[in-house]
Amino acid sequence: MSEFYSEQNGTPAPYSDNNSYSYYDAPSAEPENKPKKPKSSHTVLKVLAFALSLVIVGAGSVQVYKFFDDSKIQVTEEDESVVVPAPAKEIAAAVKEGTLPSSPPAQNLPSLFDIAARTDAKQLPDIVDEIMPSVVGVSSTFEINEPYTTWGWGGFQSETRKRQAVGTGTGIVMTDDGYIVTNAHVVYDEEYNAGEAVDVYVLFSDQSKHDAKIIAYDTETDIAVLKIDATGLTPATFGNSDELRVGELVIAVGNPLGFDLFGSVTSGIVSALNRQIAINEKHMTLIQTDAAINSGNSGGPLLNSCGQVIGINSAKMSSSYGSASVEGLGFAIPINEAKNIVDELIYNGYVTGRPQIGISGEDVSESYSAYRGIPMGVIVRAVSEGSAAEEAGIKPGDVIIAIENEAITTMDELNTIKNKYKAGDTITLKISRDGADIDVRITLQDANADKAGKKSSTEPAESDD
């Protein structure tokens, strides 16, 4: 919502009407020579009676607080919605004696905390005091290859140069010996193709600062694990996200817009569970909340009313979504899902069991299908050497039209069905080749098998499989 300001003083310009009238200079409607009526001693009482005689007319019944006894407030039998007040002189006497009752006492309605918190909830200030030592700020420095153009004897020349950029986020202390969980996008940049951060440090609420090592990260689930050289830390208490209910109270803690607002606390409710959200072409199942989550909150804790971490704040819907303006749409990774990913990253350096076919392909649109005379589906452009697809005999030019008897027309649909399985499973692809449909049995491979034994990560999602 915006305000319009006047050019003179920069303050909101009130609405004005050039045809307004003053109550004080309105011309009299009576001729000046009209004889004046003598003032009656009852004039004041009549005015008072008129001002206090209120008639309330409604379509239904109206609850009336009876300031006096029933003999002084009468309600007609024909229409109970018409209330006739007591005589003005009795009201005036009640005012003078100070016996006119005030408005009825407000009901003791429960607060949001009362109706949304769990039965074993803690006081919000106590929750904040407990979690603050476990919340850190994460600062990541990236090197970006920036293109620029120079002028020389040979004309304009395109070159690249490296520049550094710093991003901030939030993290959660998991162990007393320095393991910290945050979002992958806090330490790995895809937007500018900067890749992994070259330098990371974390900042605690007591202003202590520690260099951090990236243990591993997974861009598919947006989880990363850091390690600092410290002991005696205060780990957060982790809860069970499967126990969450829609409408339950939650609290978000983080560092929106950088460390100047370190440790900001917001609250709200669980708006929805198991939301299927696509973020940068990655499909995630998230907790939706209306607690304020902004840039810099990424990687911070979403807490239940017991002070347990039940989610990792990850994203918010943009304030401008298409033609609509949206607010209160924040999303967090359920902690039960995050725990499994964290364990994989710490012990393996990557997430195991992710299935891979081993092709690069693109969608066959309706127009391209009609032009080429091929069915809609995913056309194979390349087959990776040594991949499951190569072993199964899939060739460039094949069009995948179904997987496990489910018809598909896009790469996204292909990956969605494929990801229901794990590495080592055997599935059937239906492909169209030279006008004939063929069923091909394929054993899915581990997408990250080449990363075993290394501190690594899942590569950024691509348009192929």
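Reading guide: rules and limits
Residues numbered from 1 in each chain as written. Predicted model: local features only at pLDDT ≥ 70, side-chain atom pairs only at ≥ 80, totals over all residues. Heavy atoms only, no water. Phe/Tyr/Trp six-rings, centres within 6.5 Å; stacked < 30°, edge-to-face > 60°. Helix = DSSP H or I, 4+ residues; strand = E, 2+ residues; numbered from the N terminus. Buried < 20%, exposed > 50% of the residue type's maximum accessible area, 1.4 Å probe, protein only. Lys NZ or Arg CZ within 6 Å of the ring centre and 35° of its normal. Pairing = 2+ DSSP bridges. Axes fitted to C-alpha atoms, helices over the stretch in contact; angles between N-to-C directions. Contact = heavy atoms within 4.5 Å. Polar contact = N/O pair within 3.5 Å; in protein donor to acceptor, adjacent residues only side chain to side chain.

Right, let's talk about the packing of aromatic side chains for a bit. Applying the stated criterion across every chain yields a total of two aromatic pairs. Here Y188 and Y217 contribute two aromatic rings whose centre-to-centre distance is 5.0 Å and whose plane-to-plane angle is 35°, an arrangement assigned as tilted. Placement of the pair is Y188 in strand β6 (residues 188-189) and Y217 in strand β9 (residues 209-218), with a sequence separation of 29 residues. Like Y217, Y188 is buried. Ring geometry for F259 versus F262: centroids 6.4 Å apart, planes at 70°, classification edge-to-face. For the pair shown, F259 and F262 are each scored as buried. Here K209 stacks its cationic end above the ring of Y201, 4.1 Å away from the centre of that ring. Looking at K227, its charged tip hangs above the ring of Y179, at a distance of 5.4 Å from the centre.

Pairing between sheet strands relies on hydrogen bonds along the backbone, with the strands arranged either parallel or antiparallel. Taken in spatial order, the six strands close into a barrel running β11-β12-β13-β18-β15-β14, and their pairing is antiparallel. Strand-to-strand twist across the sheet, computed as the mean angle between neighbouring axes with direction ignored, equals 50°. Examined bridge by bridge, strand β11 (residues 249-254) and strand β14 (residues 301-304) share three bridges and lie antiparallel to one another. In the strand pairing of β14, A252 is matched with L302. In the packing of helix α6 (residues 335-348) onto the sheet, the strands contacted are β13 (282-289), β15 (309-316) and β18 (330-334), and the crossing angle to β18 comes to about 55°.

Attention now goes to the side chain of S305. The residue S305 is located in the loop between β14 and β15 in this model. For S305, a relative accessible area of 0% puts it in the buried group. Among the polar contacts listed, one links the side chain of S305 to the backbone nitrogen of R118, at a separation of 2.9 Å. When residues no more than four places from it in sequence are discounted, the contact partners of S305 are A117, R118, A121, K122, I127, L249 and I251.

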